[in-house]
Every structure is written in structure tokens, then in C-alpha cells.
There are 2 protein chains.
Amino acid sequence: MARPRFEKLDLETRRRILETAAVEFSARGFEGASLNQLLDRLDLSKGSFYYYFDDKADLFITVVDYAWKVMLPAEDLDLGDLDATVFWPTLELLMRETRARVHEKPWLVGLARLMYDPPEAAGVREALAEKFAEVRQWQEDLIRRGQHVGAVRSDLPADLLRALLVGADEAGDQWFVANWNRFDEDEIERLSEEVVAIYRRMLEAPPAERKS
Amino acid sequence: MARPRFEKLDLETRRRILETAAVEFSARGFEGASLNQLLDRLDLSKGSFYYYFDDKADLFITVVDYAWKVMLPAEDLDLGDLDATVFWPTLELLMRETRARVHEKPWLVGLARLMYDPPEAAGVREALAEKFAEVRQWQEDLIRRGQHVGAVRSDLPADLLRALLVGADEAGDQWFVANWNRFDEDEIERLSEEVVAIYRRMLEAPPAERKS
DNA sequence: CATTTATTTAAACCAATCGGTCGAATCTCC
DNA sequence: GGAGATTCGACCGATTGGTTTAAATAAATG
């Protein structure tokens, strides 16, 4: 984790360094990302870099830590407060927030994707795994809470539902990014609401009866 | 596209070369994939490689072409045949097939993912884009047909529905791979059916009434 | 068998890039 | 002006990149 001196830099400078690095890492992986290119892009000299970080792995770990702080949703939310009546409105709000966050920082999903075949360098793999396991766990707990209060179907494992939801949501998000200006604002809003309704229908108990 | 001589090789040899290359490309991208490592893994000498391919880009294009042939589903299916009664059973069958195919060749999704920031080399980007646009188009036509016969809701764009479905499906597939032995066979089967039912509910028209 | 043609091999190539080091230059503040 | 903090970029050895080449082997041809 970055040398203490790093904390004394401008908040904005730190943000710029970490986010630019995050973009590189998320696009090319840990070993694939080039320190040289990154420093070019940052207009930062080698010497300065090694003044603030031990090495490449150190930078990566710092980036993951930063990503964790950014991605962490509403820390003020207590799962215990959620009952059947507020569960869905809350989750819809959360999804809106997350969408906005991922929308402005797309590298978050790229980083998360690094977890399938993770880097091999020393503490790097562990740092990654730990943080993102926490995120997954949080999402899963949320869904489990939904099951407990009857807002989410209980006949499928919570982690399966989580996977389906997140998968659809990421795809949906990409679609919205790509098609932002194909429709007018009202239509986008309508589509967005319908999509959230679809997510909800994915997780709720299915209608009891249906003819095959 | 590979030299003509390449076609005279064992079918199995060709398959091995192209699939190993596909794994590399899908994991590290076009520039990220190392020809040297690939040849090591293949126990193939440099000379032999350049005897069959012009260069790295040529290999890549050949791989994409091969992937396209593999991924192409049921070419004997005529969209015109699908009416409201057979649409869903057919699509469920198709999804099973595709799942099996992607399951044994996970690099297919990796290759597809290369389309977000695509390689820059000469004909490479175009080759990629063309083939995978065809796949997307095919899926989208299918959904549009579903809309036409009333099996799929028509109040959302077909490509949006496609994106959501494929996103959820890929995530679900990964979940099944990772949790294969957590449940017994019957349970897996049940889960799988429920998940397909969820996909169906994502695309069908929502129930007319619901209390907020 | 001889000779041509197809295929494979291993080494060499050279440019580029990698992460990392270092000593000197510059800045900041007393 | 002196001392510590910070910045700089040339430089390092090592590795890797994709590609070429000349010679060895195998297959085919007459």
C-alpha cells in the first residue's frame, strides 16, 4: 500500500493517478498494464512514481483499495431495517446509484473481471480477491435478506440470483451507454424503469400458475 | 486467412491449433497474446507456424472465422417457422445447445468480449466486428420474430432485450460452471429449468396488473 | 535410386518494452 | 544558504515481441 507520503498529495492528484491506473489495469490486467505507458499518460516521472510507491504491485493494491471505497454503496444502510414493504424500493434506489457510479467509472467492472484468472504476483491476488469477495458478499446478503422477508423467491440460491441479476444489469448498463442518444429523454426514462421492473421480476417469486 | 496448405493438415491438428490460439487471444487480447508462448504450448516451431500463416494477424483472423463456424447455432432453423406455440420451446432448446457449446468452449465469450475496444492491426478489427455482428444480428432477429408472433413483449427494443438476456445467460452459465458439484444432479437440473423460466419471464409481456 | 518438393527445425535477429535504479537537479521552507 | 523533500529522465539488464533464414528432414515424383 502506497507510502505515507502519497496521502499528502492533492486529493485531485491522487484521484487522477489512481483512476488512470485503474483504467490501465482494468483494460490489460496486472501484468499486461504497462507502467511506462501509464506514467506517460500521467506526465509523471519514474522517479516520482517510485517515490510514492514501492513497486507496480504496490500501486495495484492501492488501486484496488481505492476501487473498493468507490464501489462501496450506501454504508448507512442497515439490512435489518429492510422489510417486505421497503425492500424493493430500496433495492431499486440502490441499483440506480450503482448504475450511476459504474457509468462514470466503467473500470470498476473491468477490475472486477480480473478475478477470473487473477494475477500471480505476491500480495496482489489476495488483495483483489478479498475486496471483491466483500462486494459479492454484501450483494448476496442483501438478496438473502430479501428472501428472508419474502420479497425474493427462496427456491433458488441467493448467489445464483445475485449472479443473474448482476449479469443482466451490467449488460443493460452497457446497452444504455451505447444507445443513449437513440431515444429522447422521456423514452430512455421509460425504458430504464421497465428494465428495473424486469430485474424485479427476475428475483420475485414467479406467478403461482401457468399453463405449459 | 491461413495459407491453403493449412487445410491439408489433420482436422484434429487444425482444431488444436486454432482452439489453443483462441484461448490465448480470448484471455489476453490480440496484442496481449504471445505468439511465442502459444507456440510453446502447441509444441510447434516458429518456422512451421510461418509456413502455414502469414503472420499473427492472419492467425487471428483464421481463429475468428473458426469461432464463427463453431458458435453458429442450428443453421437449419427457419425463423419463419416459429409461431407463438413453438417459439418458447424452440428458444429453450436453442439456449440449452448454446450453453453446452459455450460450456465446452469458454473462449467464445472471451473472443466476443474483444469487441469492446478492438485491436488496431490491419484487417483484424474488421474481421472481428463483422462476424460477431452477424451473431448479434441473428439473436436479435430471433427476438424480433418472437415479438412479431406475440411471444415476446414488444414495448422494449429487441436489441435491449437481447442484451439483457445474453448478459444474464452468460452470468448464469458461469455460476453453473463454478457450482457444478455443490448440488446433486437432480437439483442442478431443477435449478437450470428455473433459470430458463426466469429468462422467459424477462422477455415475455409482464402481467397486466400489479399493486405497487 | 536420384532428385525435386513439402515440411520442420533451431537459431538468430533486432527493435521494443519491461520494471526498476540512481545520481543529479530542483523546489520548499527555515 | 543550507537541509530535507520532491522531481526528473537517462540508464540498466533482462525479457519478449514478431519475423526471417539456412539448413535438416520427410514425402513425393520420376
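A. Examining unusual backbone geometry more closely. Residue and element names in this part refer to chain A. In this model, Asp 43 sits at a positive phi of 50°, which is unusual for a non-glycine residue. Relative to the helices and strands, Asp 43 resides in the loop between helix 2 (35–42) and helix 3 (46–52). Judged by its relative accessible area of 74%, Asp 43 falls in the exposed class.

B. Examining helix 1 (residues 11–32) of chain B more closely. Residues and elements named next belong to chain B. Counted at 1.5 Å a residue, the expected span for helix 1 with its 22 residues is 32 Å, but the 27 Å between its end C-alpha atoms falls short. Along its length, helix 1 reaches its greatest deviation from straightness, about 80°, at Ser 26. Here helix 1 has its buried residues at Arg 14, Ile 17, Leu 18, Glu 19, Thr 20, Ala 21, Ala 22, Glu 24, Phe 25, Ser 26, Gly 29 and Phe 30. For helix 1, the elements touching its buried residues are helix 2 (35–42), helix 4 (56–71), helix 6 (107–113) and helix 7 (124–148).

C. Focus on the interface of chain A and chain B. Across the boundary between the two partners, chain A contributes 32 residues, which contact 32 residues of chain B. Across the chain A to chain B interface the summed buried area is about 2900 Å²; carbon plus sulfur atoms make up 61%. Counting the surface chain A buries against chain B, the share from its top three residues, Leu 164, Ile 198 and Arg 201 of chain A, is 21%. Notably, a salt bridge pairs Arg 153 of chain B with Glu 194 of chain A, separated by 2.9 Å at the nearest N-O pair. Along the contact surface separating chain A from chain B lie nine residue pairs in polar contact (both at pLDDT 80 or more). Elements represented by at least two residues in the side of chain A that touches chain B include exactly helix 8 (158–178) and helix 9 (185–203) of chain A. Here the residues of the side of chain A that touches chain B sort into 18 nonpolar, four polar and 10 charged.

D. Region of the structure containing the packing of helix 8 of chain A against helix 8 (residues 158–178) of chain B. Direction vectors running N to C along helix 8 of chain A and helix 8 of chain B enclose 145°, while the axes themselves pass 7 Å from each other. Between helix 8 of chain A and helix 8 of chain B lies a crossing of right-handed hand. Listed contacts from helix 8 of chain B to Asp 159, Leu 160, Ala 163, Leu 164, Gly 167, Ala 168, Ala 171, Gly 172 and Trp 175 of chain A of helix 8 of chain A are Asp 159, Leu 160, Ala 163, Leu 164, Gly 167, Ala 168, Ala 171, Gly 172 and Trp 175 of chain B. Looking at the contact of helix 8 of chain A with helix 8 of chain B, its residues break down into 12 nonpolar, four polar and two charged.

E. Here's a closer look at the packing of helix 8 of chain A against helix 9 (residues 185–203) of chain B. In the contact formed by helix 8 of chain A and helix 9 of chain B, the axes pass within 12 Å of each other and the chain directions differ by 35°. As for the relative orientation of helix 8 of chain A and helix 9 of chain B, their crossing is right-handed in sense. The residues of helix 9 of chain B that touch helix 8 of chain A, namely those facing Leu 160, Leu 161, Leu 164 and Ala 168 of chain A, are Val 195, Ile 198, Tyr 199 and Met 202 of chain B. The class makeup of the residues in the contact of helix 8 of chain A with helix 9 of chain B is eight nonpolar, no polar and no charged.

F. Layout of the relation of the copies chain A and chain B. Screw-axis analysis of chain A against chain B gives a translation of 0.1 Å along the axis, an RMSD of 0.1 Å, and a rotation angle of 180°. Taken together, the turn and the small shift mark the pair as related by a two-fold rotation axis. The overlap is high: 100% of the interface residues of chain A also sit at the interface in chain B, so the same surface is used on both sides.

G. Spatial organisation of the environment of Glu 31 of chain A. Assignment of secondary structure puts Glu 31 of chain A in helix 1 (residues 11–32). Taking the C-alpha atoms as reference points, Glu 31 of chain A and Glu 120 of chain A, 89 residues apart in sequence, are found 8.8 Å from one another.

H. Region of interest: the environment of Glu 194 of chain A. Following the sequence through the fold, Glu 194 of chain A ends up in helix 9. By relative accessible area, which is 22% here, Glu 194 of chain A ends up partly exposed. Considered as a pair, Glu 194 of chain A and Ala 168 of chain A are 26 residues apart in the sequence and their alpha carbons are 13 Å apart. Setting aside residues up to four positions removed in sequence, Glu 194 of chain A forms contacts with Arg 153, Asp 155 and Leu 156 of chain B. Of note is the side chain of Glu 194 of chain A, whose polar atom sits 2.9 Å from the side chain of Arg 153 of chain B.

I. Representation of the domain arrangement of chain A within the structure. Residues and elements named next belong to chain A. As far as domains go, chain A holds domain 1 (1–71) and domain 2 (79–105 + 120–212). Just the C-alpha atoms count here: the centres of domain 1 and domain 2 sit 30 Å apart. Each side of the interface is counted separately: domain 1 has 11 residues, and domain 2 has 12 residues. When the two sides are added together, the surface that domain 1 and domain 2 hide from each other amounts to roughly 1100 Å², 77% of it contributed by carbon and sulfur.

J. Inspection of the protein's contact with DNA strand D at higher detail. Near DNA strand D you find 16 residues, and of these Tyr 51 and Tyr 52 of chain A together with Ser 34, Lys 46 and Lys 56 of chain B are the closest. A share of 57% of the atoms of DNA strand D within 4 Å of the protein falls on sugar and phosphate groups. A distance of 2.6 Å is found between a phosphate oxygen of DNA strand D and a side-chain nitrogen or oxygen belonging to Ser 34 of chain B. Contact between DNA strand D and Leu 35 of chain B: a phosphate oxygen at 3.0 Å from a main-chain N or O atom of the residue.

K. Region of the structure containing the protein's contact with DNA strand C. Residues in contact with DNA strand C amount to 17 residues; listed here are only the nearest, Ser 34, Lys 46 and Lys 56 of chain A together with Tyr 51 and Tyr 52 of chain B. At the protein interface, 57% of the atoms of DNA strand C within 4 Å belong to sugar or phosphate. Note that a phosphate oxygen of DNA strand C is positioned 3.3 Å from one of the side-chain N or O atoms of Gln 37 of chain A. Between DNA strand C and Tyr 50 of chain A there is a distance of 2.8 Å, counted from a phosphate oxygen to a side-chain nitrogen or oxygen. At the level of elements, helix 2 and helix 3 of chain A together with helix 3 (46–52) of chain B are the ones that each hand at least two residues to the surface near DNA strand C.

What counts as what
Residues numbered from 1 in each chain as written. Chains lettered and ligands numbered in written order. Predicted model: local features only at pLDDT ≥ 70, side-chain atom pairs only at ≥ 80, totals over all residues. Heavy atoms only, no water. Helix = DSSP H or I, 4+ residues; strand = E, 2+ residues; numbered from the N terminus. Buried < 20%, exposed > 50% of the residue type's maximum accessible area, 1.4 Å probe, protein only. Expected span 1.5 Å × (residues − 1). Bend = angle between axes of the 7 residues up to and from the residue. Contact = heavy atoms within 4.5 Å. Buried area = accessible area lost by both parts, 1.4 Å probe. Salt bridge = Lys/Arg side-chain N within 4 Å of Asp/Glu carboxyl O. Polar contact = N/O pair within 3.5 Å; in protein donor to acceptor, adjacent residues only side chain to side chain. Nonpolar A, V, L, I, M, F, W, Y, C, P; charged D, E, K, R; others polar. Axes fitted to C-alpha atoms, helices over the stretch in contact; angles between N-to-C directions. Left-handed = near helix turned anticlockwise from the far one by under 90°. Least-squares fit on C-alpha atoms with pLDDT ≥ 70 in both. Domains from an automatic or database assignment. Near = heavy atom within 4 Å.

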